[in-house]
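As a plain string of letters, each chain reads:
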Amino acid sequence: MSFKQKALATTVAMALFGLGACGSDGKDGPQGPQGPEGPQGPGAPEVPNHATSAESLNLEYLEAGIDADGIRTTTFKLTNEQGQTVVGLPRVRFLSSQLAMTDAGYSERQSFGYPRCETGEDGCLVDHGDGTYTVTAAPENADKYDASLPQRFMVRVESNIGIPGIGPVPDIMPEYDFMVDGSDLTATRAMVATESCNACHTDIAYARYDTYDRSPHYANNVEACSTCHSPDGKTSKGIFVQRAHRWHSGLPTNTHVTAAYDCTSCHVTDATEELPNGAEWLAPSANIQSCLGCHGDGDTYPRTEYTHSFGSTMTDSCTNCHSTAQHDHVDRVAARTNARNAFSVNVTDVAVAPMTSDRGGNSYNTAEVTVTLTILDSEGMPVTQAPNESQLFNAMRITAAWDADAGYRMLTTETKDDGSLGRLADHSVNYRVEGIAPTTSVPAEGKYTYVISGQLEDDNTKNNTGLIIPSNTDMAVGVLAVEAQVKADEKTGVPAMDGKLVERIRSTTAFFDMNGLVDDSMKRRQVVSNENCASCHGDQAYGMHSRRNDLEQQCVACHNVNMAQWDKTFKAKDVAPEDTVVDHFAWNTYVHALHAQNRAEQNLDATEAQRVFKYPARLNDCAQCHVDGSVNLVAIETTGALITRHDMTADSDFFATSPAAATCYSCHNGEAAKAHMIHSGAATFEKMIDATNATFDGDVVVDAKLPRESCSVCHSEANIAEKHSF
């Protein structure tokens, strides 16, 4: 009997073995596939049309089983999001595995292969023409098959194949677990949810490759990862538990991405209905291969041992001596959370006094800003000692910037050697609270008031340089961003003057105009959300800075369009990067170019490269960070021009680039893209500006008179949303 004949015979034989007999929960399974419909009589229900499109797919297993020779067969039904049957599926992948217990006391999957099954004369996929299909395959590693163990089938519909009459379809690969004799499952290994992975990766099918123009990897279900990358499957770089831990523990500096330092960003600490084995990584029988993924010696794969500094080589179980929950895995993460939540600091009152100040022969409109902070503990009770007295705060700053609609300006300026105003500014006003006594205080209410001077200090080491209010901008809105670090006990997170744990608390922002505080309706428009960014970076653990963690509003106060600085690598060399637009520090260009790996600092040789990492999702998946409606070129086109310069001398020339062009160019760069933007969008790239084509207030660029952009005429909000996966 040929393989195909045997497969069909097996299918017929197994028609009596529906999922009700295999079920994992003891409930009746779904009905098997129905035969062809007869003629429709009056009042008979209408037969659903076959699908002609599919925004999403649903794969329902109807029958599953394994015969005496180990041949695996399953029948499934495929429908779209409207419940319409999907016909014409040309091929699938068919994974199978079993769950075995090791001598060390933990379970792991044993793979029986993942053949590609196609329809046709010699294929192992049968299309019944009604939305149901049967797939049959022989196992690899057949000698290890044990009918008494829990079995798993996974049928994958591949996104890159397309279906006649429908076109490309979403990748889908659900699992089905069963016992061959139809009894309840004797064991499971549901430890990590795919949703946890997709919090960063959006679709883990795209998480493998180093480039973004490749087709997706094998599956978008973490259960498939553990099936293929098992001791009997793909092991060239270690089994799945080794790979997953090694890759995540090796993320940049182990602090900027939550999966690098917080095991609970992927794992749960208590079993749930969805993850009944979710807490087993904390058990004494934890797989040593999981530990070696982070702690193994060397870069050889698979890692097999760990050598302590005192010479002991561990090849058995780390939990013989160590508690998995100790210090770095759970307890210290909890301590950091406690420290972060120990205090809240909010701006509760602002008063602004306009004034003028002279420096370098120029007279500037400035403002003295009086700020009241209300500081509460984790219980909402007032903190009765000012930050400079309590010694619990390692640092506390108030950052001030002006003109939210323009994307803010670099309004603090450094001082030249002769004491005059220079152009080498690299920061907004940064007022250091922790070292300054408040001008007034109400300890019983936790209120402390500080005055940010309106004077421009000649000494650029002073922190109270005045806030400049450029001419004709007195109706604008400014921002006050408060950031702080607290000292705490490293084991508990309880604030302590001698605490070794230094952790940032939640940054807060407030908005004000010349009359005082304004409500949130006046704030700068929101582009990203802290929650979205936290899905990768973790709560209060953003980016490179030690105190700043509000990506929604705070970062742009310093990373603004007037910040004509370079990365420190190029600044140290006193040589401008080749493309000063892509390598600008303005938030709208910096973040895009950084995640796309386009910044020059990321592409230097190994000894100089900084911030090198791979964006964990599809590169065009902007919804990973952005909020709905924020990618709006009409709004971007009205902000201030991007200001650059090509050398770092005190009187260096300024150049201006249209804001929407600069934003898009940070990802879509290159000469062809630039030419399109210039000729199709009326955009300007690095046009030198002076008094003839720009407004200056001393050395502060107030406005660059560039041609109006018109990118939004073609690139509408709806168009951008479609192309960028919103």
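Every residue gets a number counted from 1 within its own chain, in the order that chain's sequence is written. Local features in a predicted model are, by the rule used here, given only for residues with pLDDT of at least 70; side-chain atom pairs are given and counted only at 80 or more, and totals for whole chains, interfaces and linings are based on all residues. Working from all heavy atoms in the structure, the side-chain values ignore hydrogens and water.

### With respect to the sheet that holds strand 1 (residues 57–66)
- At least two DSSP bridges between two strands are required for those strands to pair. Strands here mean DSSP runs of E at least two residues long; helices mean DSSP runs of H or I at least four residues long; both are numbered from the N terminus. The antiparallel open sheet is built from 4 strands, whose spatial order is 1-2-7-6. Two strands close off the open sheet at either side, each with one partner strand: strand 1 and strand 6 (125–127). Along the sheet, successive strands turn relative to each other by an average axial angle of 20°, direction set aside.
- Bridge count for strand 6 against strand 7 (residues 132–137) is 3 bridges, and the pairing is antiparallel. Looking across to strand 7, one finds that Leu 125 is bridged to Val 135. Each axis is a line fitted through C-alpha atoms, taken for helices only over the stretch in contact, and angles between the N-to-C directions span 0 to 180 degrees.

### Focus on the environment of Gly 165
- Along the chain, the position of Gly 165 falls in the loop between strand 8 (151–156) and strand 9 (175–178).
- For every residue, the accessible area obtained with a 1.4 Å probe (protein chains only) is divided by the maximum for its type, and the residue is called buried under 20%, exposed over 50%, and partly exposed between those limits. With relative accessibility at 63%, the residue Gly 165 sits in the exposed group.
- Put simply, Gly 165 and His 50 are 115 residues apart on the chain and 9.7 Å apart in space, counted from C-alpha to C-alpha.

### Remarks on unusual backbone geometry
- With a phi angle near 55°, Arg 611 is a residue other than glycine that sits in the positive phi range.
- In this fold, Arg 611 is placed in the loop between helix 12 (587–595) and helix 13 (633–637).
- The backbone of Glu 686 shows a phi angle near 45°, a positive value even though the residue is not glycine.
- Structurally, Glu 686 is set in the loop between helix 15 (671–681) and strand 25 (687–689).

### Describing the pattern of salt bridges
- Only one rule defines a salt bridge in this text: a Lys or Arg side-chain nitrogen within 4 Å of an Asp or Glu carboxyl oxygen. Counted according to the given criterion, the structure contains 15 salt bridges.
- Residue Glu 503 pairs with Arg 340 through a salt bridge whose shortest N-O separation is 3.6 Å. Of this pair, Glu 503 sits in strand 20 (residues 501–504) while Arg 340 sits in helix 7 (residues 331–340), placing them 163 residues apart in sequence.
- You can call Glu 503 buried: its relative accessible area is 4%.
- Assessed through its relative accessible area of 8%, Arg 340 is described here as buried.
- One network of salt bridges, with partners in common, ties together Arg 91, Arg 116, Arg 156, Glu 158 and Asp 171.

### Some words on the nonpolar core
- Joining through side-chain atoms within 4.5 Å is the link that ties buried Ala, Val, Leu, Ile, Met, Phe, Trp, Tyr and Cys residues into a set, and such a set is a nonpolar core. Counting residues in each nonpolar core, the largest one holds 40 residues, and the members touching the most others are Val 369, Leu 373, Ile 398 and Leu 480.
- Put simply, the parts of the chain that give this core at least two residues each are helix 7, strand 12 (343–359), strand 13 (362–377), strand 14 (393–402), strand 15 (429–432), strand 17 (447–452), strand 19 (478–488) and strand 21 (508–513).
- The next biggest cluster of nonpolar side chains, apart from the first, holds 30 residues, and it includes Leu 89, Val 92, Val 135 and Val 155.

### Comments concerning the environment of His 50
- Along the chain, His 50 falls in the loop between helix 2 (19–22) and strand 1.
- Judged by relative accessible area, which is 39%, His 50 ranks as partly exposed.
- Along the primary structure His 50 and Gly 129 are separated by 79 residues, whereas in three dimensions their C-alpha atoms are 9.8 Å apart.
- If sequence neighbours within four positions are ignored, His 50 has contacts with Gln 84, Thr 85, Val 87, Gly 129 and Asp 130. Residue contacts are defined here by distance: any two heavy atoms, one from each residue, within 4.5 Å place the two residues in contact.

### Here we look at the pairing of strand 21
- Buried residues dominate strand 21, accounting for 5 of its 6 residues.
- As paired elements, strand 19 and strand 21 share 5 bridges and run antiparallel to each other. Along strand 21, the bridge assignment pairs Ala 481 with Thr 509.
- Sheet topology note: the strand 21/strand 22 (residues 516–518) ladder contains 3 bridges and is antiparallel. Residue pairing for strand 22: Asp 513 is matched across the bridge by Gly 516.
- The hairpin formed by strand 21 and strand 22 contains 2 residues between the paired strands.

### A closer look at the state of the cysteines
- Only a pair of cysteine sulfur atoms within 2.5 Å qualifies as a disulfide here. All chains considered together, the criterion is met by 1 disulfide.
- Note on cysteine connectivity: Cys 117 is disulfide-linked to Cys 124, with sulfurs 2.3 Å apart. One disulfide, between Cys 117 and Cys 124, carries an S-S torsion of -100° and so falls in the left-handed class.
- The class of Cys 117 is buried, set by a relative accessible area of 0%.
- For Cys 625, which is in no disulfide, the shortest distance to another cysteine sulfur is to Cys 533 and amounts to 5.0 Å.
- For Cys 625, a relative accessible area of 18% puts it in the buried group.
- No disulfide involves Cys 664; its nearest neighbouring cysteine sulfur is the one of Cys 711, lying 6.1 Å away.

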